[in-house]
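Structural description and commentary
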Amino acid sequence: MGSLSQRASGVSPGTPNGWGVEPAEASGGPLGSTVSGRGEWLAGPGISGELLNGGVSGAAEASADPRVSSASPAHPQSRTSAAPPAPDGSARSRHPRAVRAPRPSRTPRPSRTAGRVPALPSARPAGPPATPPGGNPDLAPVSRGFLAKATLVTAVLSVAGAVLGLARDQALARLFGAGSETDAFLVAWTIPEFASTLLIEDGLAFALVPAFSLALARRARGAPGDPVRSLVVATLPRLTLAFVAVSALIAATAPYLVETLAPGLPDSALAVDCTRLAAVCVLGFGLAGYCSAALRAHRRFLAPAAIYVAYNTGIITAMFVLGGQWGVRSAAIGVAIGGGLMVLVQLPSFVRQLCRKQVAQPESGASGDRAVTAALVATVLLFALCRQSQTLIERYLASTLDAGAISHLNYAQKVAQIPMTLSMMLCTVTFPVVARALADGDIERARSRVERDLALATCMVLLGAATVISCAPQIIELLFQRGAFTARDTAATADVMRVYALGLLGQTLTGVLVRSYFSAARPSWYPVAAMAAGIVATSWIGAWTVGPWGVCGIAAANAVGITVTAVLLLAGMGPRSVPIRKRGALRELSRPVRAAMVATIAGTFVAGQVPSAVPGLAAGGATVAAVFVLLARALDAQGVVPALRSLRSVTRRLTHGRCR
């Protein structure tokens, strides 16, 4: 027997999209949308069906729950009337308080919260439909449960990709060490690093996600034709030609690129070969980034979250299969293969979205269609290029140092950035939500979402940074100290990683805030200027500190430069972006920062008392986590308590699903 939301959204337990477990109440933590809603997991085998159906399945229960509807002024009669029960009585049996008898008076009694909560333009009218009339899910807001489950799936697959990335680096260190051969490959590794930032993670996604969100808003309003297909036809062929041209250009100019990036490299010929092999990945990364942006705008996160699992699998396989014959060039071949696998993972879901039939509805209001303009693409790509150019500065300065300096920088950066990557999982899921809210003209909902993301991401990255600083030697020894990677390499890499970790908060703030500037599909040059200022700071400080401090001076320059950019982006939040409350955001940021400082001191002391790597890491990490959580809760940090509440809610839902 289907639940109320299953009947309203047209999904039954037997349909192929009805994956998940029995319905359960969603948490109202930081993952919750500002539009009231309660998520529901559809009955059937597998994972969450809401990830395939756009997060609409729980919307009907939100309008029938008096505890939810009374908090929204869009439901002034929520305390005197409610949605009628289902014919089979399932809504009444699942939620005994969902339906109340009407009062004798004809005048509805206003909600007690009506004077305190401002009305949102996108709030739903009271009533049972989970989707708008006509059954178009593109018009329905995202439910809280959908955001929680989408973030969970994205985090799990991203962690799996990160673990494979560590396995990739471990295989590279074990097979080829940290010498001149690895340095040559890491110069060529600049190509996929730039391509992933420009075409998947930041750059192109900042232009395409808002563009697809606008096209979906037009499709939902019943615009003539199919705006989504029109957008694909107008952009995909041109972008594909551009990706092919850039790949060919990199391969042709590889000798000059290597000479520019690392003029003091001992084996430049090997670096040129690796660069030409890795240049093919630009095409694969570009197409993968296009598919990821389109699917995330459609609220499909499963396939985009799996791309780095496929990518790192391709690299690891190539190194072990071809390493004996091709040496470190096998890693560059794996980069090209992995780029193709990233596209293949997403292609079936992408094609399904393009072939989905449109539900005809009359269009209301202006079309709001904006093309992906050259100015928009230029600003987002320039921002991503400036941000990634920090890596160029690091490797240029490190190429003048002893052999292995670039390798130490690379391994330290890869491990240190894991907390930042994990903290950005929620923003990956909510960026399409913010873009869609702005496309619908709902600035208040976008602002509330950005402020919640900022609080949660800050707490997560500071907890990770404290752990990295406290347990850096133990982490590097456990991950890399084997084969050609010696104890000396471990000590050098751990020192660099501790310095890198000082800039993790700036990295996370930059990633969260810059999405607010580009989420309205308008070009903005302010983020480019802020990032350029950070690059100037990185260059000057790095040139000044590389002599006395070596690789640690380069890492310190990176941390200072990205922190300058984050401060400028926060100071510029206003009409040109989502207008968050800056003073409140600064007060909120200071609380987890203080907790992280104390936790770092305590964790470093405890980890240093244990001689072995694994027990030391366990003791230090547990100390950091305990001290940070206790202090953050005592200081009333807004990102900690809701995160713990959401974690408990998700755990209960998963446990409930297994028990059922």
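Counting restarts for each chain: residues are numbered from 1 in the order of the written sequence. Totals for whole chains, interfaces and linings use all residues, but because this is a predicted model, local features are given only for residues with pLDDT of at least 70 and pairs of side-chain atoms are given and counted only at 80 or more. Heavy atoms throughout the structure, all of them, feed into the side-chain values; hydrogens and water do not.

A few points about helix H12 (residues 268–278)
The test is simple: Classification of residues uses two cut-offs on accessible area relative to the type maximum, computed with a 1.4 Å probe and protein chains only: under 20% is buried, over 50% is exposed, and between them is partly exposed. For the purposes of this entry, the term helix denotes a DSSP run of H or I that reaches at least four residues, the term strand denotes a run of E that reaches at least two, and both are numbered from the N terminus. Contacts are assigned to residue pairs with any non-hydrogen atoms lying within 4.5 Å of each other.
Residues of H12 that are buried include every one of Leu270, Ala271, Val272, Cys274, Thr275 and Ala278, and no others. Looking at the buried side of H12, the elements it contacts are helix H7 (180–188), helix H8 (190–201), helix H10 (227–252), helix H11 (254–261), helix H13 (281–297) and helix H16 (329–354).

Structural notes on the nonpolar core
The criterion, for reference: Throughout this description, the term nonpolar core refers to a set of buried Ala, Val, Leu, Ile, Met, Phe, Trp, Tyr and Cys residues connected via side-chain atoms within 4.5 Å.
Formed by 145 residues in total, the largest nonpolar core has its most connected members in Phe185, Phe212, Met497, Ile580 and Phe628. The element best represented in this core is helix H21 (residues 443–470), accounting for 11 residues. Apart from the residues lying within four places of it in its own chain, the contact partners of phenylalanine 185 are Leu172, Cys274, Val328, Ala331 and Ala332. Core analysis: the second largest hydrophobic core is formed by 6 residues, Leu147, Ala150, Phe301 and Val429 among them.

What to know about a nonpolar patch on the surface
Definition in use: Grouping into patches uses exposed residues only, defined as over 30% relative accessible area, and leaves out salt-bridged ones; the cut-off is 9 Å for like charges and 5 Å for nonpolar side chains (Val, Leu, Ile, Met, Phe, Trp, Tyr). Computed by Shrake-Rupley with a 1.4 Å probe, the accessible areas treat only the displayed protein chains as cover when residues are assessed. Take a side-chain nitrogen of Lys or Arg and a carboxyl oxygen of Asp or Glu: if they are within 4 Å of each other, that pair is a salt bridge.
Taken together, the side chains of Val159, Val163, Leu422 and Met460 present a nonpolar region at the surface, about 290 Å² in accessible area. With relative accessibility at 35%, the residue valine 159 sits in the partly exposed group.

Points about the pattern of salt bridges
Opposite charge on two side chains permits them to pair, given that their charged atoms come into close proximity. This structure, assessed with the given rule, holds 10 salt bridges. A salt bridge links aspartate 226 to arginine 229; the shortest N-O distance between them is 3.2 Å. Across the pair glutamate 451 and arginine 581 runs a salt bridge, and its minimum N-O distance is 2.7 Å. Linking glutamate 451 in helix H21 with arginine 581 in the loop between helix H26 (551–571) and helix H27 (582–608), this pair joins segments that are 130 residues apart in sequence. Among the charged side chains, a network of salt bridges with common partners joins Arg219, Asp226 and Arg229.

Some remarks on the confidence of the model for the protein chain
For residues with low pLDDT, the predicted coordinates do not support detailed interpretation. Put simply, the rule is: Confidence of the predictor in every single residue is expressed as pLDDT, which spans 0 to 100.
In the predicted model, the protein chain carries a mean pLDDT of 75, and 72% of its residues have values of at least 70. Here residues 1–139 is modelled with pLDDT under 50, and outside its nearest four sequence neighbours on either side it reaches 289 contacts, counting other chains as well. This model gives residues 359–369 a pLDDT under 50, and the stretch forms 23 contacts once residues within four places in sequence are excluded.

Overview of the packing of aromatic side chains
Keep this limit in mind: The aromatic pairing rule takes the rings of Phe, Tyr and Trp, using the six-membered ring of Trp, and pairs them if the centres are within 6.5 Å, calling planes under 30 degrees apart stacked, those over 60 edge-to-face and the rest tilted.
Under the definition given, this model contains 12 aromatic pairs. Ring geometry for tyrosine 308 versus tyrosine 311: centroids 6.2 Å apart, planes at 80 degrees, classification edge-to-face. Here tyrosine 308 and its partner tyrosine 311 are both found in helix H15 (residues 307–326), 3 residues apart, which amounts to about one turn of the helix. Judged by relative accessible area, which is 24%, tyrosine 308 ranks as partly exposed. Owing to a relative accessible area of 4%, tyrosine 311 belongs among the buried residues under this scheme. Taking 5.6 Å as the distance between ring centres and 75 degrees as the angle between the ring planes, the aromatic pair formed by tyrosine 411 and phenylalanine 485 counts as edge-to-face. Of this pair, tyrosine 411 sits in helix H18 (residues 405–416) while phenylalanine 485 sits in the loop between helix H22 (472–480) and helix H23 (487–501), and the two are 74 residues apart along the sequence. Neither tyrosine 411 nor phenylalanine 485 differs from the other in exposure class; each is buried.

Some points on the packing of H10 against H13
As a reminder, the rule being used: Every axis corresponds to a line fitted to the C-alpha atoms, with the helix fit spanning only the stretch in contact, and the corresponding angles, defined between N-to-C directions, vary from 0 to 180 degrees. Relative orientations are named as follows: roughly parallel for angles under 35 degrees, roughly antiparallel for angles over 145 degrees, roughly perpendicular for angles from 65 to 115 degrees, and oblique for any other angle. In this scheme the crossing of two helices becomes right-handed for a clockwise turn of the near helix relative to the far one and left-handed for an anticlockwise turn of less than a right angle. Amino acids are sorted into nonpolar (Ala, Val, Leu, Ile, Met, Phe, Trp, Tyr, Cys and Pro), charged (Asp, Glu, Lys and Arg) and polar (every other residue, Gly among them).
At a minimum axis distance of 8 Å, the contact between H10 and H13 shows a crossing angle of 160 degrees. By the angle between their directions, the pair H10 and H13 is classed as roughly antiparallel. Classified by chirality, the crossing of H13 by H10 is right-handed. Here H10 contributes Leu231, Val232, Thr235, Leu236, Leu239, Thr240, Phe243, Val244, Val246, Ser247 and Ile250 to the contact with H13, which in turn contributes Val282, Leu283, Gly286, Leu287 and Tyr290. Of the residues assigned to the contact of H10 with H13, the class counts are 12 nonpolar, 4 polar and no charged.

Observations regarding the environment of alanine 566
Secondary-structure assignment places alanine 566 in helix H26. Residues alanine 566 and methionine 531, 35 residues apart in the sequence, show an inter-C-alpha distance of 8.4 Å. Not counting residues up to four positions away in its chain, the partners in contact with alanine 566 are Gly506, Leu509, Thr510 and Leu513.

Digging into unusual backbone geometry
The phi dihedral of arginine 299 falls on the positive side, at around 70 degrees, and the residue is not glycine. A relative accessible area of 11% means that arginine 299 is categorised as buried. Even without glycine at this site, aspartate 636 takes up a positive phi of about 65 degrees. As for its placement among the helices and strands, aspartate 636 is situated in the loop between helix H28 (613–634) and helix H29 (641–659). Residue aspartate 636 is classed as partly exposed on the basis of its relative accessible area of 44%.

Re the environment of arginine 387
Assignment of secondary structure puts arginine 387 in helix H17 (residues 374–398). On the basis of relative accessible area, arginine 387 is assigned to the buried category, the value being 10%. Each C-alpha atom of the pair arginine 387 and valine 528 lies 9.0 Å from the other, and the pair is 141 residues apart in sequence. Aside from chain neighbours lying at most four places away, what touches arginine 387 is Asp202, Gln507, Thr510, Gly511, Met531 and Ile562.

With respect to the side chain of lysine 414
Looking at the secondary structure, you find lysine 414 in helix H18. A residue is classified by how much of its surface remains accessible, and lysine 414, at 19% relative accessible area, is buried.

Examining the packing of H7 against H12
Here H7 crosses H12 at 35 degrees, and the two axes come no closer than 8 Å. Our pair here, H7 against H12, has a crossing hand that is right-handed. Two secondary-structure elements touch here, H7 through Glu181, Ala184, Phe185, Val187 and Ala188 and H12 through Leu270, Ala271, Cys274, Thr275 and Ala278. Among the residues forming the contact of H7 with H12, the class breakdown is 8 nonpolar, 1 polar and 1 charged.

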